[in-house]
Amino acid sequence: MVSSETAPATGQRARGLVPFLRSQMRNIAPFLTLIFLSGFFALASPSFATIDNLGNILTQVSVTGIIAVGLTFVILCAEIDLSIAGIANVTGIAVAYFTLQESYVNIPNIPLPGAAAILLAILLCAALGLVNALGLTVIGIPSFIMTLAMMQIAAGISALLVRGQIAYKVPDLITTLGSGAIGGIPWIVIVAAIMLLGGHLVLTYTRFGRYIYMVGGNREAAEYSGLNVKLILGAVMVISAVCSGIGGMLGVAHFGSAQQNEFDTYLLDSIAAVVVGGTSLFGGRGGIGNTIVGLFVLGVLNNGLDHVNIDSFLKILIRGVILLAALIINVYAQRLREKAAD
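Residues numbered from 1 in each chain as written. Predicted model: local features only at pLDDT ≥ 70, side-chain atom pairs only at ≥ 80, totals over all residues. Heavy atoms only, no water.

A tally of regular secondary structure across the chain gives 15 helices and two strands. Per-residue burial over the chain gives 45% buried out of 342 residues. For the chain, long-range pairs separated by at least 24 residues make up 76% of all intrachain contacts whose partners lie at least 6 apart in sequence. Carbon and sulfur atoms form 67% of the exposed surface of the chain, whose accessible area is close to 16,700 Å². (Helix = DSSP H or I, 4+ residues; strand = E, 2+ residues; numbered from the N terminus. Buried < 20%, exposed > 50% of the residue type's maximum accessible area, 1.4 Å probe, protein only. Contact = heavy atoms within 4.5 Å. Areas by Shrake-Rupley, 256 points an atom, 1.4 Å probe, with all protein chains shown as cover.)

Below is the structure:
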């Protein structure tokens, strides 16, 4: 029999639990989705729940993970970067453009030593990110429009460099990191893990990371606090471009070729990883941990659908539905947050 003192205490805990679950919906829903998808595909296909397949999933999400690190910084500031796929593509093409190609590759390129090719490719993606930053912070162009224009600019540069042809050779270091392995673990997985860890440490333990959350949470209050908001916004745009460039270079080595439109699908994949994982589109909430969960949700979903032989067109539909569900949860969580603040 419950005493009169215990009953109110239990009721208070129950009433306190509901607001907590609501406030954590953005974090809980992706994790539950991951558990559900993993359990479903493990039951549906004996070949899914194996160590080898886990390695496949990690490899498949590595390029997306590298690109999503920078995008997480941008979305935490309540901005968006639609140029990530274009910058990834042009950087991957650039590093091949500055590498000596085989005689059968009909591209009039400029062969340079490997280190120089990598450096120029990194400088190119950083320069494109800087243009995004200047357009956003100096001219005042909304990030959606600015990065949409940059997406076209990057596509144009890619087309000019390869002119419809395909390049294959990249510097040895990029080849090793993109397609090599150490102790049976692909280097590209290790690079992705290092970049995700680095992004998490920056966001969690540095002043710059705290500033990002402040700008995304309340930009006006951040300005009143004396923060250089424009500098922070510009920095995250450059970081996003550099992460995209690194993903593009390693992706070219991983896929074995550099060609136009190679990374087009990575725009949706990267945005989906960040948003499905629970990082708020309105800024100030989320982080690399959420992005990692989102990467696994997408990786498990794509890999699992291949194991159960789902129609490829239905696969696209299912991914779209899951992204829509994540967006609904994201918006609903923001409304609950605003209601709680009133």
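Moving on, we come to the packing of helix 4 (residues 62-76) against helix 13 (residues 266-276). At their nearest, the axes of helix 4 and helix 13 sit 9 Å apart, and the two run at 60° to each other. Taken together, the axes of helix 4 and helix 13 are oblique relative to one another. In this structure, helix 4 meets helix 13 at a crossing whose hand is right-handed. Between helix 4 and helix 13, the residues in contact are V63, T64, I67, A68, L71, T72 and I75 and Y266, D269, S270, I271, A273 and V274, respectively. Counted by class, the contact of helix 4 with helix 13 contains nine nonpolar, three polar and one charged residues. (Axes fitted to C-alpha atoms, helices over the stretch in contact; angles between N-to-C directions. Parallel < 35°, antiparallel > 145°, perpendicular 65-115°, else oblique. Left-handed = near helix turned anticlockwise from the far one by under 90°. Nonpolar A, V, L, I, M, F, W, Y, C, P; charged D, E, K, R; others polar.)

With that settled, the discussion passes to the nonpolar core. Generally speaking, soluble globular proteins have nonpolar side chains that are buried together. In terms of nonpolar packing, the biggest core is built from 82 residues, with V95, I174 and I212 touching the most fellow members. Apart from the residues within four sequence positions on either side, V95 is in contact with A117, I118, A121, V170, P171, I174 and M249. (Core = buried A, V, L, I, M, F, W, Y, C linked by side-chain atoms within 4.5 Å.)

A few words on the UniProt feature "transmembrane region" (unreviewed entry) in the chain. Listed under "transmembrane region" (unreviewed entry) in the UniProt record, and renumbered for this structure, are residues 31-51, 57-75, 82-100, 112-131, 138-161, 181-206, 227-251 and 313-333. Secondary structure within residues 31-51 divides into 71% helix and 0% strand; the distance between the first and last C-alpha atoms comes to 21 Å. The span residues 181-206 carries 73% helix and 15% strand; its end-to-end C-alpha distance comes to 32 Å. (UniProt positions renumbered as here; feature names shortened; annotations may be inferred.)

Before going further, it helps to spend a moment on the environment of I75. Along the chain, the position of I75 falls in helix 4. Look at I75 and you get buried, because its relative accessible area is 0%. Sequence-wise, I75 and G216 are 141 residues apart; in three dimensions their C-alpha atoms are separated by 8.0 Å. Every residue in contact with I75, bar those within four places of it in the chain, is listed here: I80, V274, T279, S280, L281 and G283.

Here helix 12 (residues 229-255) is 27 residues long and its end C-alpha atoms lie 38 Å apart, about the 39 Å a rise of 1.5 Å per residue gives. Within two residues after helix 12, G256 carries a phi angle of roughly 90°, on the positive side. (Expected span 1.5 Å × (residues − 1).)

To continue, consider the packing of aromatic side chains. Centre distance and the angle of the planes are the two values used to describe a pair of aromatic rings. Evaluated as defined, the whole model comprises eight aromatic pairs. Note on Y97 and F98: the rings are 5.3 Å apart at their centroids and 80° apart in plane angle, and the pair reads as edge-to-face. Given a relative accessible area of 17%, F98 falls into the buried group. Each ring, one from Y104 and one from Y168, has its centre 6.2 Å from the other, and the planes form 55°; the classification is tilted. Of this pair, Y104 sits in the loop between helix 5 (84-97) and helix 6 (114-139) while Y168 is found in the loop between helix 7 (143-162) and helix 8 (172-179), placing the two residues 64 residues apart along the sequence. Each residue in the set F36, F40, F41 and F48 is aromatic and connected to the rest through ring pairs, giving one cluster. (Phe/Tyr/Trp six-rings, centres within 6.5 Å; stacked < 30°, edge-to-face > 60°.)

What follows concerns helix 14 (residues 288-307). The end-to-end C-alpha distance of helix 14 is 28 Å, a good match for the 28 Å that 20 residues give at a rise of 1.5 Å each. Within helix 14, 15 of the 20 residues are buried, which leaves it mostly tucked inside the rest of the structure.

Attention now goes to a nonpolar patch on the surface. Taken together, the side chains of I110, L112, L119, L120 and L123 present a nonpolar region at the surface, about 420 Å² in accessible area. As for its position among the elements, L120 is in helix 6. Exposure remark for L120: the relative accessible area of 34% places this residue in the partly exposed category. (Patch = residues over 30% accessible without salt bridge, like charges linked within 9 Å, V, L, I, M, F, W, Y side chains within 5 Å. Salt bridge = Lys/Arg side-chain N within 4 Å of Asp/Glu carboxyl O.)

Two elements in contact, helix 10 (residues 207-217) and helix 12, have axes separated by 10 Å at closest approach and are oriented at 110°. One finds that helix 10 runs roughly perpendicular with respect to helix 12. On the side of helix 10, the interface is formed by F208, Y211, I212 and V215, while helix 12 contributes V229, I232, L233, A235, V236 and I239. Each residue belonging to the contact of helix 10 with helix 12 can be placed in one class, and the counts come to 10 nonpolar, no polar and no charged.

Time to look at the side chain of S143. Topologically, S143 is positioned in helix 7. The exposure class assigned to S143 is buried, which follows from its relative accessible area of 5%. Each residue touching S143, except ones within four places of it in the same chain, is listed here: E79, I80, L136 and L148.

This next bit is on the side chain of T99. Position of T99 among the secondary structure elements: in the loop between helix 5 and helix 6. Other than its neighbours up to four places away in sequence, T99 contacts N109, I110, P111, A117, K169, V170 and P171.

With that settled, the discussion passes to the environment of T279. Note on placement: T279 falls in the loop between helix 13 and helix 14. Here T279 falls in the buried class, since its relative accessible area comes to 0%. Distance from T279 to G289, taken between C-alpha atoms, is 9.2 Å for residues 10 residues apart in sequence.

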